[in-house]
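Read off the chains here:
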Amino acid sequence: MAKKLKKSNIKWKQVVVSYVLAFILFSALTVLPNWSKLTGVSVAVQLITTAMLLVSMALYVYFSDREVMENARETWAMFCTMIISYMIIQLSQLWKYGIYIVPFALCSLVLSIIVSGKCGFFANFTIIMLCFMQAINWQNHADLSTDKFFYLLFSGVIEAVFVSFLLGKQYKRSRYVVAGIVLGVISLICATLSYLIFEEVWSWTEYAIIASCSLGSGIISVMLMFVIVPVAEKIFNVASIFRFSEIATSDNELMRKLFEKAPGTYNHCLTVATYVEACAVAIGQSAVVAKAAAYYHDIGKMKNPSYFTENQFDGFNPHDNMTPEASVNMIKYHTLNGLSIAKEYGLPKEVQTAICEHHGTMPIKYFFLKAQKYTDGFLPYDGYCYDGPKPTTKISAILMICDASEAALRAHGDKNNAEKIVGDIISERMSFGQFTNCDITMKEIEIVKETIVTTFLGVRHKRINYPDERLGGVK
């Protein structure tokens, strides 16, 4: 089994600062609006409650979703989304029935797209509990004898659970429309239960208003989500699943430039994307993220396309007049050039990571063997390898295998030796320890190998010979 990476990249100073600022801001938002009701006990209760909820959230993120804590942009995006959700809940109380139209699942919806579902759930839960405790704390005589408090807690938690753990990171907008309708139905059920429990006198007029508001809250959640997500992407430089879906297509400026400058590389990227997407689905990774990474993994070859075999259409190879060392430098810089282009065009960090890692620290075999012919004795690999880093994600590992497999299978593969070719590529990379920094397992690697072979056989399937005779047109 490939060794699982245990290293933590958390910048604790940034984390502490972000949580302290969040505590100060939430404390101000909960205390200042109730200035006229201030007592020492109520202020202390509110501050302690806010602190406990944020500490609980920090512990949850650290143990269950540590990658969020390692990324300052995602942490700030999380807190800003929480503040927006909190403000909407508080402003809704300006109207008698406003609480029923509140999009309780908004925080969970947004964060499940731009951060993670687990983080989205607990952030949403934290906001619901903060609002609930605030509502109870600032009453003159605290009690639960109102359907609004029950509805806030009951509906808020259930909607957060539904969005975070049942919907997941879907990039089909139609799924979110359906989710909005379902959220509205859940809100309606919760509002009805609250009304039945706490209202002694039934009023059809009042219930109709409550039911209409709660039913519409689900669609409002989805509508606001589609407004907030692109703004959050721009401000915090985070990528949603919608962003990956937009760039994972050949119909965009950067891919068109790749086609114009390096058509061979362009077609190689499209073919590799077919393999990578199939492998990602097979081991439970995001197909659209994997596809986007494969589309752009070789964009650095646009800088010097003629130095790469797939773009040499006139038979001239500039490497014939270069030393192996010079050729190695020219070849390996395509990852650095690719990273530079990716940053220039604002590609997501996941794609940038894949660009840097898809060759890991593997030797550039062709030029190493070429240099070895002119060397007496053992030639060390130093100076003939890519600069790395090794793959740190499963998608980078898949891309590494698929990239090398596509080239090898295209060069001399057929259905009889395809499995051996892919197996040798994987074994070679394992012997150089290329998968020690990511958590891909041997079982998943075997699934990747089988998927590549199956995909290759599907692409290279036999067709019947078409007759040479031409048919005449219909008169």
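The rules behind these values
Residues numbered from 1 in each chain as written. Predicted model: local features only at pLDDT ≥ 70, side-chain atom pairs only at ≥ 80, totals over all residues. Heavy atoms only, no water. Salt bridge = Lys/Arg side-chain N within 4 Å of Asp/Glu carboxyl O. Helix = DSSP H or I, 4+ residues; strand = E, 2+ residues; numbered from the N terminus. Axes fitted to C-alpha atoms, helices over the stretch in contact; angles between N-to-C directions. Parallel < 35°, antiparallel > 145°, perpendicular 65-115°, else oblique. Contact = heavy atoms within 4.5 Å. Nonpolar A, V, L, I, M, F, W, Y, C, P; charged D, E, K, R; others polar. Patch = residues over 30% accessible without salt bridge, like charges linked within 9 Å, V, L, I, M, F, W, Y side chains within 5 Å. Areas by Shrake-Rupley, 256 points an atom, 1.4 Å probe, with all protein chains shown as cover. Left-handed = near helix turned anticlockwise from the far one by under 90°. Buried < 20%, exposed > 50% of the residue type's maximum accessible area, 1.4 Å probe, protein only. Disulfide = S-S within 2.5 Å. Core = buried A, V, L, I, M, F, W, Y, C linked by side-chain atoms within 4.5 Å.

Enquirer: Talk me through the pattern of salt bridges; I want residue IDs and the actual numbers.
Expert: If the charged atoms of two oppositely charged side chains come close together, the side chains can form a pair. This model, assessed by the stated rule, comprises 13 salt bridges. Of the charged contacts in the structure, one is a salt bridge between aspartate 424 and lysine 420, with a shortest N-O distance of 2.8 Å. With aspartate 424 and lysine 420 both in helix 18 (residues 418-431) and 4 residues apart, the pair spans about one turn of that helix.

Enquirer: Outline the packing of helix 11 (residues 253-261) against helix 12 (residues 263-282), listing residues and values.
Expert: One way to put it is that helix 11 packs onto helix 12 with a least axis distance of 5 Å and a crossing angle of 130°. Here helix 11 is positioned oblique relative to helix 12, judged by the angle of their axes. Two secondary-structure elements touch here, helix 11 through Met255, Leu258, Phe259, Glu260 and Lys261 and helix 12 through Pro263, Thr265, Tyr266, Cys269 and Leu270. Its residues assigned to classes, the contact of helix 11 with helix 12 shows 7 nonpolar, 1 polar and 2 charged.

Enquirer: If you had to explain a nonpolar patch on the surface to someone new, which residues and values would you point to?
Expert: A surface patch of nonpolar side chains, about 1100 Å² in accessible area, is lined by Val177, Ile181, Val185, Ile189, Leu193, Leu196, Ile197, Trp202, Trp204, Leu215, Ile219 and Met223. At the level of elements, helix 8 (173-198) and helix 9 (204-236) are the ones that each hand at least two residues to the nonpolar patch. If you tally residues by element for the nonpolar patch, the top one is helix 8, at 7 residues. Secondary-structure assignment places methionine 223 in helix 9.

Enquirer: For the packing of helix 8 against helix 9, give the residues involved together with the corresponding values.
Expert: Running from N to C, helix 8 and helix 9 cross one another at 150°; their axes reach a closest spacing of 8 Å. Classified by the interaxial angle, the pair formed by helix 8 and helix 9 is roughly antiparallel. In this structure, helix 8 meets helix 9 at a crossing whose hand is right-handed.

Enquirer: Please set out the environment of phenylalanine 367 residue by residue, giving values where relevant.
Expert: Along the chain, phenylalanine 367 falls in helix 16 (residues 365-373). Ignoring anything within four residues of it in the chain, the contact list for phenylalanine 367 reads His319, Pro324, Ser327, Val328, Ile331 and Tyr384.

Enquirer: Tell me about the side chain of serine 187, and please be specific about residues and values.
Expert: The residue serine 187 is located in helix 8 in this model. Taking relative accessible area as the criterion, serine 187 reaches 0% and is therefore assigned buried.

Enquirer: Tell me what's going on with helix 13 (residues 287-296), and back it up with residues and numbers.
Expert: What sets the pattern is the α-helix's 3.6 residues per turn: residues three or four places apart point alike. Helix 13 sits mainly inside the fold: 8 of its 10 residues count as buried. Within the sequence span of helix 13, burial applies to Val288, Val289, Ala290, Ala292, Ala293, Ala294, Tyr295 and Tyr296. Packed against the buried residues of helix 13 are helix 10 (241-247), helix 11, helix 12, helix 15 (349-357) and helix 17 (394-412).

Enquirer: Residues and numbers for the state of the cysteines, please.
Expert: All chains considered together, the criterion is met by 0 disulfides. Cysteine cysteine 107 shares no disulfide, and the gap to the nearest cysteine sulfur, in cysteine 119, comes to 7.8 Å. Of all cysteine sulfurs in the structure, the one in cysteine 269 sits closest to cysteine 356, which takes part in no disulfide; the separation is 15 Å.

Enquirer: Which residues make up the nonpolar core, and what are the values?
Expert: If you look at the biggest cluster of nonpolar residues, it comprises 127 residues, and the most contacted ones within it are Ile114, Met225 and Tyr296. The biggest single contributor to this core is helix 6 (residues 117-137), with 12 residues. Membership of the second largest hydrophobic core comes to 10 residues, among which are Phe308, Ala371, Leu379 and Tyr384.

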